[in-house]
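# Secondary and tertiary structure notes
The lines below spell out each chain.
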Amino acid sequence: MLERAILDAALEQLSTVGWNGLTMEGVAAEAQTGKAAVYRRWPSKEDLVADALASGLPSLDDAPDLGGIRDDLYELTRLVREAMYSRPGWALRAVLHECDQSASERFHALIMSGVIEPSAKLFGEVVHRGIRRGDVRPDATGSLVFDVIPAVLMYRSKVCASEWPDTEIAELIDQVMLPLLRSSSD
């Protein structure tokens, strides 16, 4: 289908040449179609990119249930990492890093609904399950707690150029999250 080819081409362009390098002409060439076919469906670069990101972001639907808070958080963090380093994840980061303030504001709702809210929801599910199991103290349910892993992932990725090897994920879980979630008597 032509529409899917165009959306895939937009993601590919974002992943390889970034927001600033993406052109409607380049997307058309990558999709093996004419520029008019792209403009007929999307009147602007921002419209095209918003649809490409919305259609391509990996879904984070289910929180792993491996029997304990450490293993659940570790596996969920690995899933989030995989989403961040997928082609749509690279494309999303290109948009966030390169586009100007007005363009980035346009993508805010998409980022919130497609990335931030689903990951926070899953981290919340894992923590609440941990409370029911007795792995997590009952008062460890604030929204900031659910933001810790995504925030550290984004910070370390953007500022420190970390690609989050499994060893760093294990350190984040063992040195930050478990002390944060467990009572001091554990």
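Quick caveat, the model's predicted, so the values are computed rather than measured.

This part takes up the overall build of the protein chain. A count of helical and extended segments in the protein chain gives 9 helices and 0 strands. Tracing the protein chain from N to C terminus, the helices and strands come up as α-α-α-α-α-α-α-α-α. Referenced to the eigenvectors of the C-alpha coordinate spread, the extents of the protein chain come out at roughly 65 × 30 × 25 Å. Once local pairs closer than 6 in sequence are excluded, the contacts in the protein chain between residues at least 24 apart make up 71%. When the accessible surface of the protein chain is summed, it comes to about 9,400 Å², and 52% of that surface belongs to carbon and sulfur atoms.

Moving on: the UniProt feature "domain: HTH tetR-type" (unreviewed entry) in the protein chain. Feature annotation in UniProt assigns "domain: HTH tetR-type" (unreviewed entry) to the following positions: residues 1–60. Taken end to end, residues 1–60 has its terminal C-alpha atoms 25 Å apart, with 77% of it in helix and 0% in strand.

Attention now goes to the UniProt feature "DNA-binding region" (unreviewed entry) in the protein chain. Mapped onto this numbering, the UniProt entry annotates "DNA-binding region" (unreviewed entry) at residues 23–42. Helix makes up 70% of residues 23–42 and strand 0%, with an end-to-end C-alpha separation of 12 Å.

The subject of this paragraph is the layout of surface pockets. Of the voids in this model, the largest pocket is the one considered here, and its volume is about 340 Å³. What lines the largest pocket is a set of 20 residues, among which Met84, Leu92, Arg93, Val115 and Met154 lie closest to the centre. Broken down by class, the residue content of the lining of the largest pocket amounts to 13 nonpolar, 5 polar and 2 charged.

Inspection of every chain in the model, using the stated rule, returns 0 aromatic pairs. Residue placement shows Lys45 over the ring face of Trp19; its charged tip is 4.5 Å from the ring centre. Over the face of the ring belonging to Trp164 we find Arg156, whose NZ or CZ atom lies 5.8 Å from the ring centre.

This paragraph deals with unusual backbone geometry. Among all residues except glycine, the phi angle is most often negative; among peptide bonds, the trans geometry is most common. A positive phi angle, close to 60°, is found at Ala161, a residue other than glycine. Along the chain, the position of Ala161 falls in the loop between helix H8 (143–160) and helix H9 (166–181). Positive phi is not limited to glycine here, since Trp164 has a value of about 55°. Along the chain, Trp164 turns up in the loop between H8 and H9.

Below, the discussion takes up the pattern of salt bridges. Following the criterion strictly, the structure yields 15 salt bridges and no others. Measuring nitrogen to oxygen at the nearest pair gives 3.0 Å for the salt bridge that ties Arg129 to Asp72. Taken as a pair, Arg129 in helix H7 (residues 101–133) and Asp72 in helix H5 (residues 69–84) lie far apart in primary sequence, 57 residues in all. According to the relative accessible area criterion, Asp72 is buried, its value standing at 0%. In this structure, Arg156 and Glu168 form a salt bridge, with 3.8 Å as the shortest nitrogen-oxygen distance. Within this pair, whereas Arg156 is found in helix H8, its partner Glu168 is found in helix H9, the two being separated by 12 residues in sequence. Judged by its relative accessible area of 21%, Glu168 is partly exposed. Each of Glu75, Arg78, Arg81, Glu82 and Asp166 takes part in a single network of salt bridges with overlapping partners.

The rules behind the values
Per-chain numbering applies: the sequence of each chain, read as written, is numbered from 1 onward. Local features are withheld for residues below a pLDDT of 70 in this predicted model, meaning they are given only at 70 or higher, and side-chain atom pairs are given and counted only at 80 or more; totals for whole chains, interfaces and linings count all residues. Note that water and hydrogens are dropped before the side-chain values are worked out from all heavy atoms of the structure. The way it works is that DSSP assigns letters per residue, a run of H or I at least four long becomes a helix, a run of E at least two long becomes a strand, and they are numbered from the N terminus. Any pair of residues with heavy atoms lying within 4.5 Å of one another is described as a contacting pair. Method for areas: the Shrake-Rupley scheme with a 1.4 Å probe, in which residue coverage is limited to the protein chains shown. UniProt positions are given in the numbering used here, feature names are shortened, and annotations may be inferred rather than shown by experiment. A cavity here means a set of points on a 1 Å grid, drawn over the protein atoms and nothing else, where a 1.4 Å probe fits but cannot get out; a pocket is an open set with protein on both sides within 12 Å along at least five of seven lines, and a residue lines either one if it has an atom within 4 Å of a point. Grid points are joined across faces, edges and corners, and a volume is the space filled by probe spheres set on the points. Just so you know the grouping, Ala, Val, Leu, Ile, Met, Phe, Trp, Tyr, Cys and Pro go in nonpolar, Asp, Glu, Lys and Arg go in charged, and all remaining residues, Gly too, go in polar. Ring pairs are drawn from Phe, Tyr and Trp, using the six-membered ring of Trp, whenever the two centres fall within 6.5 Å, and their geometry is named by plane angle: stacked under 30 degrees, edge-to-face over 60, tilted for the rest. Remark: a charge is flagged as sitting over a ring if the NZ atom of Lys or the CZ atom of Arg is within 6 Å of the ring centre and within 35 degrees of the ring normal. The rule for a salt bridge is simple: a side-chain nitrogen of Lys or Arg has to be within 4 Å of a carboxyl oxygen of Asp or Glu. Here's how the labels work: a residue is buried when its accessible area is under 20% of the maximum for its type, exposed when over 50%, partly exposed in between, all with a 1.4 Å probe on protein chains only.

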